[in-house]
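# Examination of the molecular architecture
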Amino acid sequence: MTPNEVGSDPASRAEALRAEIAHHNERYHTLDDPEISDADYDALVRELRRIEADHPELADESSPTQQVGGAINTTFSSVTHRVAMMSLDNAMDGDELRAWADRVVKGLDGETPTFVCELKFDGLAISLRYEEGRFVQAATRGDGRMGEDVTANVATIADVPDQLVAGQGVDAVPSVFEMRGEVYMTRSSFDQLNARAIEAGEKAFVNPRNSAAGSLRQKDPSVTASRKLSFWGYQLGEVVGGPEFTSHVAALEYAAALGFRINDHLRSFATIEEVAAHCAYWQEHRHDLDYEIDGVVVKVDGTAQRDRLGVTSRAPRWAIAFKFPPEERTTKLLDIMVSVGRTGRATPFAVLEPVFVGGSTVGMATLHNQDQVAVKDVRPGDTVVVRKAGDVIPEVVGPVLSLRPADSEPWVFPTHCPRCANPLVRPDGEADTRCVAPDCPAQRDQKIAYFASRGAMDIEGLGEQMVEKLTASDLVHDPADLYSLTVEQLVELERIGPTSARNLVAEIEVSKARPLPKLLTALGVRHLGPAASLALTNEFHTLDAIMSKSVEELAAVEGVGEVIANTIVTWFSQEANRAYIERLRSAGVGFGDPQAAAAAAAARATIPQTLEGRAVVVTGTLAGYNREAAEEAITSRGGKSPGSVSKKTFAVVVGDSPGASKLTKAESLGVPILDEAGFEHLLATGDLP
Ligand code: IVH
């Protein structure tokens, strides 16, 4: 369906959209097996809403725009909600958020309310009912009026209390208390569940939400119990015999006192601009959490103001869901191809009908390796779910089986290198299939492109396409050849003008002076990445010094270890590699600074080594140190500054907006947590404050 169809005939387009949305409602709510991503679904609803707004004569009470959620799954008996479980309207960006706030202020005759922001958890809405304090029923949202009875399954969730108790400021438990909230699966439980499924040769779940939904719909509660589900409470339903709450925050505090888990990222704001900044913050930091969120829910705090604003047929006017841009979309898998990397690894990748996801248009996505294609069983012609989360490279999550063409065949991994036609091999017990031909042009080109890449020698203008031109014309056979290229040679090549040629030669020249860690990385020695390259440089300062060291001497360097040390020594012992190094040397490529060794030793002598052998992890922003300065302060005192927390960590220093996983890990391992003042004390004395 294309947007052009909208204009042609609004009535039939609306009808088609209604049918399509009803179909997807059933797939999502009843079958737990959606065929399209949430973003694609939202787009259909928005299109229908636009048509209905432009053509009031097409309004229809039974339109999905006027209803909540899905039909009832007949496996479970149905439950009538005494207080309707409503849905939320969405704001897709800051402007829509501000427009909502304007409507709220207008509805309150000019009063600006206090806004409460909660995370929008990506799970399943559930209503928990307690009578005389006892948990008696759990129901899904269903169509908002009637849901499904999932009591037996929900009773297995550890976060759902069996019995509410008075105390903590609650005098008596209300005779009826309904807690609404989200049942969800943490990312870590999801990963464990999928690892087990893959091991058992079962179909993997697509995402934590679907697996939470699938887990709740089990006929056998012991299966649900094995799935490790969690629950956050965020809204009260029917309450009889309880206090009157003047605000939402007070209601949630009360729920917390009764024993419900309330998420602690709840914040109140006086202006919509602060709300917008808060939403932007979480859009940026959503991956810091161990559970998935797909937006921020903004609610009016005051109960009386909520009553004045009221509700529409499907959603309250006093709340809005600020939705993050989608990280998952569905699209067509046009083909599966295999690329050969610099180490000969053959990686399957998906060629996709381009789709906008995770902030950019994606036309290709990795499929990782042969087993992953087999486990996911994705096939050319399939409709697939594509995911691009944060900085992670796009991947194909899995096929939408209900849309698979009847004549589709499983995809077969090639037996020969697509570039040099030599046989591909897969050693026993390894996940990767490789081209092992020593003269494979794909490997050669990739090695050169890697040498020039940003994390290595950073030669601008020397991407894969340029490398292919250079090797195809026989000008370049390995990275050392780059340093003898001339402008005259380059302008002879197809589609390279004199300016690009001059720029490229200049960029190559500049790269000769890159610091040693860059060169070490650029050599492409297996396992030797930027971190170990930096550690080796800090210790030995020149390439010649590193080349002269034994496995033991290299392995003794923090962050290097025996595996890397072994591959380095083996690599430098090979005649061809030594010849390559000598050609780089004669070309004038810098091999490190011999004076740095002496300077580093002198600096160490003047700074007291208070942190000798201690690992201190810094997370978040400190006022007096940027990341490098904090690391420098630790390492110059003899300490280490690893990127993650372990039981060996001496202390964790926490600044503003710390990484949630580091903090949680430190807490669970009992590692001391310090603020900036504590950090300064530690630097000065080596002791905890
Ligand atoms: S409040 C009447 N708060 O979003 C208001 N909903 O798109 C009821 N959701 O069905 C919902 N996190 O499944 C609320 N902090 C939160 C939420 C939240 C996730 C879900 C919920 C709801 C859906 C609406």
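Bear in mind the structure is a predicted one, so any value in this text is a computation, not a measurement.

Scoring rules and cut-offs
- Residues numbered from 1 in each chain as written.
- Predicted model: local features only at pLDDT ≥ 70, side-chain atom pairs only at ≥ 80, totals over all residues.
- Heavy atoms only, no water.
- Helix = DSSP H or I, 4+ residues; strand = E, 2+ residues; numbered from the N terminus.
- Buried < 20%, exposed > 50% of the residue type's maximum accessible area, 1.4 Å probe, protein only.
- Contact = heavy atoms within 4.5 Å.
- Areas by Shrake-Rupley, 256 points an atom, 1.4 Å probe, with all protein chains shown as cover.
- Lys, Arg positive; Asp, Glu negative; His and termini not counted.
- Charge placed at Lys NZ, Arg CZ, Asp CG, Glu CD.
- Phe/Tyr/Trp six-rings, centres within 6.5 Å; stacked < 30°, edge-to-face > 60°.
- Lys NZ or Arg CZ within 6 Å of the ring centre and 35° of its normal.
- Core = buried A, V, L, I, M, F, W, Y, C linked by side-chain atoms within 4.5 Å.
- Axes fitted to C-alpha atoms, helices over the stretch in contact; angles between N-to-C directions.
- Parallel < 35°, antiparallel > 145°, perpendicular 65-115°, else oblique.
- Nonpolar A, V, L, I, M, F, W, Y, C, P; charged D, E, K, R; others polar.
- Pairing = 2+ DSSP bridges.
- Near = heavy atom within 4 Å.
- Polar contact = N/O pair within 3.5 Å; in protein donor to acceptor, adjacent residues only side chain to side chain.
- pLDDT = per-residue confidence, 0-100.

Before going further, it helps to spend a moment on the overall build of the chain. Scanning the chain for helices and strands turns up 26 helices and 21 strands. Looking at the chain as a whole, 47% of its 689 residues are labelled buried. Of the contacts made within the chain by residues no fewer than 6 positions apart, 67% connect residues no fewer than 24 positions apart. Accessible area for the chain stands at about 33,100 Å²; split by element, carbon and sulfur atoms hold 52% of it. Within the chain, the 100 negative side-chain charges are centred at a point lying 2 Å from the centre of the 68 positive side-chain charges.

What follows concerns the packing of aromatic side chains. Following the criterion strictly, the structure yields 19 aromatic pairs and no others. In this structure an aromatic cluster arises from ring pairing among Y130, F135, F177, F245, Y254 and F260. Geometry around F650 places R614 over its ring, the cationic atom sitting 4.1 Å from the centre.

It is worth spelling out the nonpolar core at this point. Ranked by internal contacts, the top residues of the largest apolar core, which has 52 residues, are F451, I459, L482, L519, L523, L536 and L584. Of the residues forming this core, the biggest block, five residues, is contributed by helix α21 (residues 561–573).

Contact pair α21 / helix α22 (residues 575–587): the axes reach a minimum separation of 5 Å and the direction vectors enclose 80 degrees. With respect to each other, α21 and α22 are oriented roughly perpendicular. Residues W571, F572 and S573 of α21 form the contact with α22, whose participating residues are E575, N577, R578, Y580 and I581. Here the residues of the contact of α21 with α22 are counted per class, giving four nonpolar, two polar and two charged.

Before going further, it helps to examine the pairing of strand β16 (residues 395–399). Taken residue by residue, a regular strand's side chains alternate between the two faces of the sheet. In terms of residue burial, β16 counts as a mostly covered element, since four of its five residues are buried. Pairing between strand β15 (residues 383–387) and β16: four bridges, direction antiparallel. Opposite R387, over in β16, you have E395 as the bridge partner.

Taken together, 13 residues sit near the ligand, with E118, L119, R141, E182 and Y234 positioned nearest. Between the ligand and the protein, one listed contact pairs a nitrogen atom with a backbone N or O atom of L119 at 3.0 Å. In the complex, 90% of the free accessible area of the ligand, which totals 520 Å², lies under the protein chains. Per-element accounting of the shell around the ligand gives the leading share, four residues, to strand β3 (residues 115–121). A class-by-class count of the residues in the shell around the ligand yields eight nonpolar, no polar and five charged.

Turning to the confidence of the model for the chain, a few remarks are in order. Confidence in the prediction of the chain, expressed as mean pLDDT, is 91, and 97% of residues score 70 or more. Scored below 50 in pLDDT, residues 1–7 makes six contacts in the model with residues more than four places away or belonging to other chains.

Let us look at the sheet that holds strand β9 (residues 267–269). Spatially, β2-β11-β10-β3-β9 is the arrangement adopted by the five strands of the open sheet, whose pairing is mixed. This sheet does not close on itself; its edge strands, each paired only once, are β2 (90–91) and β9. Pairing analysis gives three bridges linking β3 to β9, with the strands arranged antiparallel. Note that in β9 the partner of C117 across the bridge is R267.

Let's shift gears to the side chain of K299. Within the secondary structure, K299 sits in strand β10 (residues 293–300). Here K299 falls in the buried class, since its relative accessible area comes to 4%. Looking at K299, its side chain comes within polar contact range of the side chain of E118, at 2.7 Å. Reaching out from K299, the side chain makes a polar contact with the backbone oxygen of Y234 at a distance of 3.0 Å. Contacts of K299, omitting those with residues within four sequence positions, involve T114, F115, V116, E118, Y234, Q235, H248, R306, W318 and A319.

Another aspect to go through is the sheet that holds strand β5 (residues 134–140). Ordered by their spatial adjacency, four strands build an open sheet running β5-β4-β7-β8, and the pairing between neighbours is antiparallel. Strands at the two margins of the open sheet, each flanked by one partner only, are β5 and β8 (230–240). Here the average twist between neighbouring strands, direction ignored, is 25 degrees. Lying over the sheet, helix α7 (residues 208–216) contacts β4 (124–131) and β7 (176–184), oriented at roughly 40 degrees with respect to β4. Seen against the sheet, helix α9 (residues 248–258) touches β7 and β8 and runs at an angle of roughly 110 degrees to β8.

The next subject is the pairing of strand β12 (residues 328–340). For β12 and β15, the ladder comprises five bridges, and the chain directions are antiparallel. Its bridge partner being in β15, E328 is matched across the sheet by R387. In this sheet, strand β13 (residues 345–357) lies alongside β12 in antiparallel orientation, the contact comprising seven bridges. When the sheet's bridge partners are listed, V340 is paired in β13 with A346. Hairpin geometry of β12 and β13 is characterised by an intervening segment of four residues between the two adjacent antiparallel strands and by a positive phi of about 90 degrees at G344.

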